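Letter by letter, the chains look like this.
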Amino acid sequence: MYDGVLPLELAVHTFRNIDRLFPTRTVPRAHTPLPLPPAATPLGPVTFSDRGQRYGLEDYLDLNQIAAILVLQDGHIKLERYRFGNTARTRWMSMSIAKSITSTLIGAAVRQGYIAALSDPVTRYVPSLAGSAYEGVSLRDVLMMSSGVRWDETYTDPASDRRRLLEAQISQVPGSALAIMRGLPRAAEPGTVNNYNTGETQVAAEVLRGAVGRPLAAYLAERIWSRFGMEADANWWLESPDGVEIGGSGFSATLRDYGRFGLFLLGGGVAAGEAILPAGWVDEAASAKVLRDGTPLSYGYLWWPGTTPAARRDRAFAAEGIHGQFLYVNPVVNVVIVVWGAQPKPTGGAVIDDWAFFDAVVDSLRP
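This section reports on the structure supplied with the text.

Scoring rules and cut-offs
Residues numbered from 1 in each chain as written. Predicted model: local features only at pLDDT ≥ 70, side-chain atom pairs only at ≥ 80, totals over all residues. Heavy atoms only, no water. Salt bridge = Lys/Arg side-chain N within 4 Å of Asp/Glu carboxyl O. Helix = DSSP H or I, 4+ residues; strand = E, 2+ residues; numbered from the N terminus. Buried < 20%, exposed > 50% of the residue type's maximum accessible area, 1.4 Å probe, protein only. Phe/Tyr/Trp six-rings, centres within 6.5 Å; stacked < 30°, edge-to-face > 60°. Pairing = 2+ DSSP bridges. Contact = heavy atoms within 4.5 Å. Axes fitted to C-alpha atoms, helices over the stretch in contact; angles between N-to-C directions. Core = buried A, V, L, I, M, F, W, Y, C linked by side-chain atoms within 4.5 Å.

1. A word on the pattern of salt bridges
All chains considered together, the criterion is met by 19 salt bridges. A salt bridge links E245 to R25; its shortest N-O distance comes to 2.8 Å. Of this pair, E245 sits in the loop between strand 7 (234-237) and strand 8 (251-253) while R25 sits in strand 1 (residues 24-27), and the two are 220 residues apart along the sequence. With respect to burial, E245 and R25 carry one shared label: buried. In this structure, D141 and R292 form a salt bridge, with 2.5 Å as the shortest nitrogen-oxygen distance. Taken as a pair, D141 in helix 4 (residues 139-143) and R292 in the loop between helix 10 (281-286) and strand 11 (304-305) lie far apart in primary sequence, 151 residues in all. The network of salt bridges with common partners includes R25, D242 and E245.

Structural data, given as structure tokens:
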């Protein structure tokens, strides 16, 4: 998969069956699902330009090898399409969208007081990291992927840190993922350099587990999944049997439930009439941050702010995963877009810029 040679058919079968290959923990569905009624007017024609070429909706679906897509506006379905044998009952592994879910759960833990502040050192919640390169690293540093700990994310390099972490996940040896993080050296002072680091989200998962005192899947179910009305059980890949959830990948859910998670964020993090997240958390987590020396980043707290002028104007943001996974949220036009990709390469496999497509969909839905 990480070598970039995954055939389409094998990608589809892998991504929708990953929870049958490794131990997972269930995130139970709600008793009463939140309705997602069809919109009175479905999504109309979508045409746009990207790097000098004109495209439409079908071009995007075909060229970017999209396995399913959902477009919601004001909580109504404007478009819902399943391809390659997927259905409304399919659970799909969302890759690094799990990072943004982990970030959101940290917000919930802050709201409840399990985490005192993002300035807290991670060693306060994960004492086993004391004496490692994570000594003196704050939770905010981890959420911004700016811990200063050395890391190589190269998916196609069998010797990279990311591949070592994947091998630890597959080995299912208790504590092996955290052991990798504990053994890494320091490359820069905390908060001074941003370096995309999936291992950082395993540290975040361990922080969350230590803070709330229960599994991430249980906490997600308790605070969001069951309260907001998700219609199907989700599954979360574990680092070992009955172990800690993989904070940066391995979360599987249905298309509509990913859409409902987007609606939860669109509403500011309120579920069953209760504020689950701190006031202003969604804007803070999804907006571009700055390093301690004032250097601007194109990254939030494990969320990606919009990359185009139109997206930045609308304060749009997204959770993104390799092989073409997206959960896009636009608070100005009340739009959520979920995309499942089945691209053979982990990165660089998109023919069409996804953000250009999102802009076109949003433009077609503006009043």
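2. Here we look at the packing of aromatic side chains
Across all of its chains, the model carries 23 aromatic pairs by this definition. When the centroid spacing of 5.6 Å and the interplanar angle of 80° are considered together, the rings of F228 and F264 count as edge-to-face. One end of the pair, F228, is in helix 8 (residues 216-228); the other, F264, is in helix 9 (residues 255-266), with 36 residues separating them in the sequence. Residue class for F228 comes out buried when judged on its relative accessible area of 15%. What makes F264 buried here is its relative accessible area of 0%.

3. A few points about the sheet that holds strand 7
Across the sheet, four strands lie side by side as 1-7-8-6; this open sheet has antiparallel pairing. Two strands bound the open sheet, and with one partner strand each, they are strand 1 and strand 6 (92-93). In terms of strand pairing, strand 6 meets strand 8 through two bridges, oriented antiparallel. When the bridges of strand 8 are listed, W92 appears paired with A253. Helix 3 (residues 97-112) contacts strand 7 and strand 8 of the sheet and is inclined by roughly 100° relative to strand 7.

4. Here's the deal with the sheet that holds strand 4 (residues 66-73)
A sheet is described by the order of its strands in space; here six strands give the open sequence 5-4-14-13-12-11, paired in antiparallel fashion. Looking at which strands have only one partner, the edges of the open sheet turn out to be strand 5 (76-82) and strand 11. Where strand 11 lies against strand 12 (residues 317-321), two bridges are found, and the strand directions are antiparallel. Looking at the pairing, P305 lines up with F317 of strand 12. Against the sheet, helix 12 (residues 354-365) engages strand 4, strand 5, strand 11, strand 12, strand 13 (325-330) and strand 14 (335-341), with an angle of about 40° to strand 13.

5. Points about the nonpolar core
Formed by 100 residues in total, the largest nonpolar core has its most connected members in I106, Y134, L220, W225, F251 and F261. Here this core takes eight residues from helix 8, the largest share from any one element. When sequence neighbours within four positions are dropped, the list of residues in contact with L220 reads V27, I101, L105, W225, W236, F251 and F261. The next biggest cluster of nonpolar side chains, apart from the first, holds 29 residues, and it includes V46, V333, A356 and L365.

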